[in-house]
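Descriptive structure summary
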Amino acid sequence: MGSFSKCLLLWVVIPTVTCILVSMVMISIFPANPKSKLSLIDEVWQEEAWWGPGEPKAEPDAVQAVKITIKDSALDDLKTRLDQTRLHSTLEGVGFEYGFNAIYMKEVIKYWRHTYNWKKQETVLNKYMHYKTSIEGIKIHFIHIKPPELKGKSRRRAVMFVHGWPGSIYEFYKIIPLLNNNASQSVDFDIICPSIPGYGFSDIP
């Protein structure tokens, strides 16, 4: 098969056939009546609208201010676990071809055990106000940065930054000051950065 034929197969024929098959499956699942489609979608949404433990229940609308503080006992436990790490032996002349290199892992453990300062990082994280609220059964953590005095500015806009995975809200700590500390800009921003479910200090669904 020539290169042109391969490109035609990969970029035209296979996607087209895939779209046709997906369309056939969707037609078989959803009835022809548009109203019925909406009803079915609504039923599915209602079934999946609760991600917390147990049965769905009424949730408070309250937003609770929190401070990032990890207990010393938890940090001591982590240090104990690091001290008790059991490493496999590494083959000579091998890097990461067969998994994580145990020699390098020793350096990683040493850094986390003796160099990394979590309390210092807590101070950095608490530079901004942290909050939690309940959404569909799980606690969602976020930071909310309100702009300073409007200083005669007529516009105020809300913006939300959502990190990827793996990731965290810390990705935005260097961006936030650029948005609200510029006296020459005509717009101030209300900034919200949530920790997606299962990350940071948000609950796991």
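Calculation criteria
Residues numbered from 1 in each chain as written. Predicted model: local features only at pLDDT ≥ 70, side-chain atom pairs only at ≥ 80, totals over all residues. Heavy atoms only, no water. Pairing = 2+ DSSP bridges. Helix = DSSP H or I, 4+ residues; strand = E, 2+ residues; numbered from the N terminus. Axes fitted to C-alpha atoms, helices over the stretch in contact; angles between N-to-C directions. Buried < 20%, exposed > 50% of the residue type's maximum accessible area, 1.4 Å probe, protein only. Core = buried A, V, L, I, M, F, W, Y, C linked by side-chain atoms within 4.5 Å. Contact = heavy atoms within 4.5 Å. Expected span 1.5 Å × (residues − 1). Polar contact = N/O pair within 3.5 Å; in protein donor to acceptor, adjacent residues only side chain to side chain. Phe/Tyr/Trp six-rings, centres within 6.5 Å; stacked < 30°, edge-to-face > 60°. Salt bridge = Lys/Arg side-chain N within 4 Å of Asp/Glu carboxyl O.

Below, the discussion takes up the sheet that holds strand β2 (residues 130–135). As summarised here, the arrangement of the five strands in space is β1-β2-β3-β5-β4, forming an open sheet in which the pairing is mixed. Two strands close off the open sheet at either side, each with one partner strand: β1 (64–66) and β4 (155–160). Strand-to-strand twist in this sheet, taken as the mean axis angle between neighbours without regard to direction, amounts to 30 degrees. In this structure, β2 lies alongside strand β3 (residues 138–145), joined through six bridges in antiparallel fashion. Across the sheet, the residue bridging to tyrosine 131 is phenylalanine 142, located in β3.

Time to look at the pairing of β3. Counting buried residues in β3 gives six out of eight residues, a clear majority hidden from the surface. Linking two consecutive strands that pair antiparallel, namely β2 and β3, is a turn of two residues; a positive phi of about 50 degrees is found at glutamate 136 within it. Across four bridges, the pairing between β3 and strand β5 (residues 187–194) is antiparallel. Residue pairing across strands places isoleucine 145 opposite isoleucine 191, the latter belonging to β5.

The subject of this paragraph is the nonpolar core. Counting residues in hydrophobic clusters, the biggest one holds 13 residues, and the most contacted among them are Ile143, Ile145, Phe161, Tyr173, Ile176, Ile191 and Cys193. When residues no more than four places from it in sequence are discounted, the contact partners of tyrosine 173 are Val124, Leu125, Tyr128, His130 and Ile143.

For helix α4 (residues 102–115), with 14 residues, the first-to-last C-alpha span of 19 Å sits near the 20 Å given by 1.5 Å per residue. Among the residues of α4, the N-terminal cap falls to asparagine 101, whose side-chain oxygen and the backbone nitrogen of isoleucine 103 are separated by 2.9 Å.

The next subject is the packing of aromatic side chains. As enumerated under the stated definition, the model contains ten aromatic pairs in all. Aromatic pair tyrosine 128 and tyrosine 173: ring centres 5.0 Å apart, planes at 65 degrees, arrangement edge-to-face. In this pair, tyrosine 128 is assigned in the loop between α5 (118–125) and β2 and tyrosine 173 in the loop between β4 and α6 (176–180), connecting sequence segments 45 residues apart. Tyrosine 173 matches tyrosine 128 in its accessibility class, with the two residues each being buried. With 5.5 Å between their ring centres and 20 degrees between their planes, tyrosine 131 and phenylalanine 142 make a pair best called stacked. You can see tyrosine 131 sitting in strand β2 and its partner phenylalanine 142 sitting in strand β3, a full eleven residues away along the chain. On the accessibility criterion, tyrosine 131 (17% relative accessible area) is buried. Aromatic ring contacts, followed pair by pair, group Phe96, Phe100 and Tyr104 into a single cluster.

Attention now goes to the pattern of salt bridges. Per the stated rule, a full pass over the model turns up four salt bridges. Measuring nitrogen to oxygen at the nearest pair gives 3.6 Å for the salt bridge that ties aspartate 72 to lysine 119. Note that aspartate 72 is positioned in helix α3 (residues 72–83) and lysine 119 in helix α5, a separation of 47 residues in sequence. As a salt-bridge pair, aspartate 77 and arginine 81 come within 2.7 Å of each other at their nearest N and O atoms. With aspartate 77 and arginine 81 both in helix α3, this residue pair falls four residues apart, about one helical turn. According to the relative accessible area criterion, arginine 81 is exposed, its value standing at 55%. Via salt bridges that share partners, Asp72, Lys119 and Glu122 belong to a single interconnected network.

Spatial relationships are all this shows, so hold off on functional conclusions.
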